[in-house]
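Overview (structure and organization)
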Amino acid sequence: MTNRTYNLGKYNLPYVKCLNLANPDYLALYSETYNYHKTDRTFVCFYQYDIKFDNIKGIFEAIYHNDVKLLKKYKERFKGVRYAIAPDYSEVGDIPRIENIYRLFRSRIVSLWLWFECNIIVIPNVTYANENYFDVMLDGMEDTEVVAFSVKGSIKKQLERELLQKAIKYTVDNLKQLKKIVVYSVSVDDEKVLKLFEYASNKGIEIVIPNNILKERNIANKEVKPNGED
């Protein structure tokens, strides 16, 4: 995969990009194979526990070890999928930096495989453990026109909201070609989410919050219990 692109930045991360494209209207989680083709503009995403897609039989391991049989299985899994968001390998602040960088590298390799081998358009995903990773999180995606963020778990706590907003500002200020941000959110209150992205929207960047299964469930629960929390 690395021989089919080039590398950028301090850690030679593989280059990825996505040109501006039609807005997704549904985000299907990796484990929701039954929803991969829910609409013509459904995007597959990986915003769930890593064990769902990153284990000894995971997609990166299949690529790394060139497991032909397993790769064939994954190609069949993604057959007909047109769009995806780059895998969200969890980054955490209390592990060695090299481990978080390697998780970012794995995400890039899987993105390239989905693109080259499955003809899937992949939106780069912005992820970080804390501010100390802002300097590397965008390496290799300098001229992308679209990125994705997940705000799941980043809304209720003030410190997490502040970190998210700093990451959004850093992304907008450093990706000069950026035109659109796709947001994975399970909140029933889109206005609350959009407020977090005001810095981007004030710069003319389009913010898109597609539907997803957890968001649908939360909306349904809200209708049943109108005084419930998001």
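Quick notes on the rules
- Residues numbered from 1 in each chain as written.
- Predicted model: local features only at pLDDT ≥ 70, side-chain atom pairs only at ≥ 80, totals over all residues.
- Heavy atoms only, no water.
- Phe/Tyr/Trp six-rings, centres within 6.5 Å; stacked < 30°, edge-to-face > 60°.
- Helix = DSSP H or I, 4+ residues; strand = E, 2+ residues; numbered from the N terminus.
- Buried < 20%, exposed > 50% of the residue type's maximum accessible area, 1.4 Å probe, protein only.
- Lys NZ or Arg CZ within 6 Å of the ring centre and 35° of its normal.
- Core = buried A, V, L, I, M, F, W, Y, C linked by side-chain atoms within 4.5 Å.
- 1 Å grid on protein atoms, 1.4 Å probe; cavity = no way out; pocket = protein on both sides within 12 Å on 5 of 7 lines; lining within 4 Å.
- Points joined across faces, edges and corners; volume = space filled by probe spheres on them.
- Nonpolar A, V, L, I, M, F, W, Y, C, P; charged D, E, K, R; others polar.
- Polar contact = N/O pair within 3.5 Å; in protein donor to acceptor, adjacent residues only side chain to side chain.

Further remarks concern the packing of aromatic side chains. Scanning all chains against the criterion turns up 16 aromatic pairs. Look at Tyr102 and Phe105: their rings are 5.8 Å apart centre to centre, the planes differ by 20°, and that puts the pair in the stacked class. Here Tyr102 pairs with Phe105, and both are found in helix 3 (residues 97-118), just three residues apart, close to one helical turn. Note on Tyr102: relative accessible area 34%, which makes it partly exposed. In this structure, Arg77 is placed above the aromatic ring of Tyr30, and the distance from its NZ or CZ to the ring centre is 3.9 Å. In this structure, Arg106 is placed above the aromatic ring of Phe60, and the distance from its NZ or CZ to the ring centre is 6.0 Å.

This brings us to the nonpolar core. Proteins that are soluble and globular tend to have nonpolar side chains buried together. Tyr128, Val147, Phe149, Ile181, Val183 and Phe197 are the most contacted members of the largest nonpolar core, which has 34 residues in total. Among the secondary structure elements, those contributing two or more residues to this core are helix 3, helix 4 (134-137), strand 7 (146-150), helix 5 (158-174), strand 8 (180-184) and helix 6 (190-196). If one sorts the elements of this core by residue count, helix 5 sits on top with five residues. Phe46, Phe53, Ala62 and Phe78 belong to the second largest nonpolar core, which has 27 residues in total.

This brings us to the layout of surface pockets. Approximately 910 Å³ is the volume found for the largest pocket. Around the largest pocket, the lining comprises 28 residues; the ones closest to its centre are Asp88, Ser90, Ser150, Lys152 and Ser154. Looking at the lining of the largest pocket, the elements that each hand over two or more residues are strand 7 and helix 5. For the lining of the largest pocket, the element with the highest residue contribution is helix 5, accounting for three residues. For the lining of the largest pocket, the per-class residue count stands at 12 nonpolar, eight polar and eight charged.

A few words now on the side chain of Thr42. Mapped onto the fold, Thr42 is located in strand 4 (residues 42-45). Look at Thr42 and you get buried, because its relative accessible area is 3%. Engagement of the side chain of Thr42 in a polar contact is seen with the side chain of Thr39, the distance being 2.8 Å.

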